[in-house]
Amino acid sequence: MVRARLQDVLSATYLDDLEHRPIEEIRALRAECQQLEVDQSYLRRLVQGRLDIVRSEQARRVGGAGPSEVGDLVEHLPQILADRVHAPGVGRLPTFLSPSEDAGLTSELDALFRALGPIDGLSDREVDDLAVSLGELEHTVSARRRSLHERIDALQSELTRRYKTGEATVDSLLQ
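The structure displayed is predicted, hence computed values, not measured ones.

Focus on the overall build of the protein
Phase 1: If you tally the helices and strands in the protein, you get 5 helices and 0 strands.
Phase 2: Listing each helix as α and each strand as β along the protein from the N terminus yields α-α-α-α-α.
Phase 3: Of all intrachain contacts in the protein linking residues separated by at least 6 positions in sequence, the fraction that spans at least 24 positions is 81%.
Phase 4: As displayed, the protein has an accessible area near 10900 Å², and 55% of this comes from carbon and sulfur atoms.

Here's what the structure looks like:
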């Protein structure tokens, strides 16, 4: 469901004729975009965490360390994931604090790992390919987020314009 809705929201026609739509619809569209952005933000964090783990495995292998074990990975997770404590940029205060409960949200990410199995059983080439695939997925998810931010900004601008011109009033929020 999230995937289909995301495709609709990211379509070129999603914001068509915005200035003629009812204010309630614009608010609903903005809320929908905000929830989808939270979903994509969550997915991006999951992808980045896995990418950090895979890159750590690549570095371990390049460094000539012996076979890894799950216990070693778990022990080193705080150091592996430490780079992601704070994302660059100013960020945005989220309206929604948790992602949707749609099970399909992580399907792209799950598909990458389902076919491969545990990382310690992968060949160097498979680990490298996984890192490339995760990097591409992170890029795709980041692009979706940017597009959602553009839509949220456009919807917010239309709401602001209506309040400034008197087409909408604060009283309409109370009805």
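As for helix α1 (residues 2–9)
Phase 1: All buried positions along α1 are accounted for by V2, L6 and V9. Buried residues of α1, seen end-on, are gathered within an arc of 65° and therefore sit on one face of the element.
Phase 2: Tucked into the core, α1 has its buried residues touching α2 (23–62) and α5 (124–165).

A few points about the nonpolar core
Soluble globular proteins tend to pack their nonpolar side chains together in the buried interior.
Phase 1: V9, Y14, I26, C33, L36, L148 and L155 are the most contacted members of the largest nonpolar core, which has 16 residues in total.
Phase 2: Looking at this core, the elements with two or more residues in it are α1, α2 and α5.
Phase 3: It is α2 that provides the largest number of residues to this core, a total of 5 residues.
Phase 4: Non-local contacts of L148, meaning those with residues more than four positions away in its chain, are made with L6, V9, L10, C33, L36, E37 and Q40.
Phase 5: Of all hydrophobic cores here, the second largest spans 13 residues; its members include L43, V54, V127 and L137.

Thoughts on empty space enclosed by the protein
Phase 1: For the structure shown, the criterion picks out 1 cavity of 30 Å³ or more.
Phase 2: Empty space within the largest cavity amounts to approximately 30 Å³.
Phase 3: For the largest cavity, the full set of lining residues is V2, R3, Q40, L43, G104, L105, E108 and R144.
Phase 4: Listing elements by their share of the lining of the largest cavity, those giving two or more residues are α1 and α2.

What about the pattern of salt bridges?
Phase 1: All told, the structure shown has 14 salt bridges when counted by the stated rule.
Phase 2: A salt bridge links E25 to R21; the nearest nitrogen and oxygen atoms lie 3.5 Å apart.
Phase 3: Residue R61 pairs with E57 through a salt bridge whose shortest N-O separation is 2.7 Å. In this pair, R61 and E57 both sit in helix α2, 4 residues apart, roughly one turn of the helix.
Phase 4: A relative accessible area of 18% means that R61 is categorised as buried.
Phase 5: E57 sits in the buried class, given a relative accessible area of 8%.
Phase 6: Through salt bridges with shared partners, one network takes in E57, R60, R61 and D124.

With respect to unusual backbone geometry
Phase 1: With a phi angle near 60°, D17 is a residue other than glycine that sits in the positive phi range.
Phase 2: Examined against the element boundaries, D17 turns out to sit in the loop between α1 and α2.
Phase 3: The exposure class assigned to D17 is partly exposed, which follows from its relative accessible area of 46%.

A short note on the packing of helix α4 (residues 107–114) against α5
Phase 1: Running from amino to carboxyl end, α4 crosses α5 at an angle of 175°, the nearest separation of the two axes being 11 Å. When the axis of α4 is compared with that of α5, the two are roughly antiparallel. Touching E108, L109, L112 and F113 of α4 are L130, S133, L134, L137 and R144, all from α5.
Phase 2: Its residues assigned to classes, the contact of α4 with α5 comprises 6 nonpolar, 1 polar and 2 charged.

Considering the packing of α1 against α5
Phase 1: Interhelical geometry of α1 versus α5 gives an angle of 55° and a closest axis separation of 11 Å. Judged by the angle between their axes, α1 and α5 are oblique. When the axes of α1 and α5 are compared, the crossing they make is left-handed. Residues R3, L6 and V9 of α1 form the contact with α5, whose participating residues are R144, L148 and R151.
Phase 2: Taken together, the residues of the contact of α1 with α5 break down into 3 nonpolar, no polar and 3 charged.

Cut-offs used in this document
Throughout this description, residue numbers start from 1 for each chain and increase along the sequence as written. Since the coordinates come from a predicted model, pLDDT governs what is reported: local features require at least 70, and pairs of side-chain atoms require 80 or more to be given and counted, while whole-chain, interface and lining totals use all residues. Derived side-chain values reflect all non-hydrogen atoms in the structure, with water molecules and hydrogen atoms excluded from consideration. Labels follow the DSSP assignment, with helices taken as runs of H or I lasting at least four residues and strands as runs of E lasting at least two, numbered in each case from the N terminus. Between two residues, a contact is recorded if the distance between any of their heavy atoms is within 4.5 Å. Note on areas: Shrake-Rupley with a 1.4 Å probe; residue coverage comes only from the protein chains shown. Buried residues are those whose accessible area, probed at 1.4 Å on protein chains only, stays under 20% of the maximum for their type, while exposed residues exceed 50% and partly exposed ones sit between those limits. Relevant arc is that of directions from the helix axis to the C-beta atoms, nothing else. Joining through side-chain atoms within 4.5 Å is the link that ties buried Ala, Val, Leu, Ile, Met, Phe, Trp, Tyr and Cys residues into a set, and such a set is a nonpolar core. Cavity means a closed set of points on a 1 Å grid over the protein atoms alone, one where a 1.4 Å probe fits but cannot get out, pocket means an open set with protein on both sides within 12 Å along at least 5 of 7 lines, and lining means a residue has an atom within 4 Å of a point. Grid points are joined across faces, edges and corners, and a volume is the space filled by probe spheres set on the points. Here, a salt bridge means any side-chain nitrogen of Lys or Arg that lies within 4 Å of a carboxyl oxygen of Asp or Glu. A fitted line through C-alpha atoms serves as each axis, taken over the contacting stretch for helices, and the angle formed by two N-to-C directions is quoted from 0 to 180°. Oblique is the label for any angle not covered by the other classes, which are roughly parallel (under 35 degrees), roughly antiparallel (over 145) and roughly perpendicular (65 to 115). For this classification, the nonpolar set comprises Ala, Val, Leu, Ile, Met, Phe, Trp, Tyr, Cys and Pro, the charged set comprises Asp, Glu, Lys and Arg, and every other residue, Gly included, is treated as polar. Should the near helix be turned anticlockwise from the far one by less than a right angle, the crossing is termed left-handed; should it be turned clockwise, right-handed.

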